[in-house]
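# Architecture at a glance
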Amino acid sequence: MSMDPKPISIADAISPLPVEGEQDVQAWHLKKIRDRHKAADQGRFASDADVRAVIRKFIPDE
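Below, the structure is looked at part by part. Here the structure is a predicted model, which is why all the values come from computation and not from measurement. Along each chain, numbering runs from 1 in the same order as the chain's sequence is written. Restriction of local features to residues with pLDDT of at least 70 applies here, the model being predicted, together with a cutoff of 80 or more for giving and counting side-chain atom pairs; totals for whole chains, interfaces and linings are based on all residues. Side-chain measures were taken over the full set of non-hydrogen atoms in the model, leaving aside hydrogen atoms and water.

### Observations regarding the overall build of the protein
Going along the chain from the N terminus, every DSSP run of H or I of four or more residues is numbered as a helix, and every run of E of two or more is numbered as a strand. Secondary structure assignment for the protein yields three helices and zero strands. Start at the N end of the protein and walk to the C end: the helices and strands fall as α-α-α. Here the C-alpha atoms of the protein give a radius of gyration of 23 Å, more than 25% beyond the 11 Å that 2.2 N^0.38 yields for 62 residues. For the protein, the spread of C-alpha atoms along the principal axes amounts to about 60 × 35 × 25 Å. Here the protein, with 62 residues, has 2% of them falling under the buried criterion. Note on areas: Shrake-Rupley, 1.4 Å probe, and residue coverage restricted to the protein chains presented here. When the accessible surface of the protein is split by element, carbon and sulfur atoms take 59% of a total near 6,400 Å². Every radius of gyration here is taken over C-alpha atoms, with the globule rule written as 2.2 Å times N^0.38, N being the number of residues. Summary of the burial criterion: residues with accessible area below 20% of their type's maximum are buried, those above 50% are exposed, and those between are partly exposed, where the area comes from a 1.4 Å probe applied to protein chains only.

### Looking at the environment of lysine 38
In this structure, lysine 38 sits in helix 2 (residues 20-41). The class for lysine 38 is exposed, based on a relative accessible area of 53%. Sequence-wise, lysine 38 and leucine 17 are 21 residues apart; in three dimensions their C-alpha atoms are separated by 35 Å.

### Focus on the pattern of salt bridges
Side-chain pairs of opposite charge can arise whenever the charged atoms involved come near each other. The term salt bridge refers to a side-chain nitrogen of Lys or Arg lying within 4 Å of a carboxyl oxygen of Asp or Glu. As enumerated under the stated definition, the model contains one salt bridge in all. In this structure, aspartate 35 engages lysine 31 in a salt bridge whose closest nitrogen and oxygen atoms are separated by 2.9 Å. Here the residue aspartate 35 and the residue lysine 31 both occupy positions in helix 2, the gap between them amounting to four residues, near one helical turn. Residue classification places aspartate 35 among the partly exposed residues on the basis of a relative accessible area of 31%.

Honestly, it's all geometry; don't read function into it.
See below:
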């Protein structure tokens, strides 16, 4: 295996990266939002105790 770096053109060096990954993240995010809306419509929410536990995790003196 050669350890010599491949030369690249200036155009390749300054061009933006492909946005395929960004589209994957957006699709994942939209799916999560739809799932959460569905759960909320079914009345599934975090309990008061669950919310307090998370708050205490980050703000232990409250």
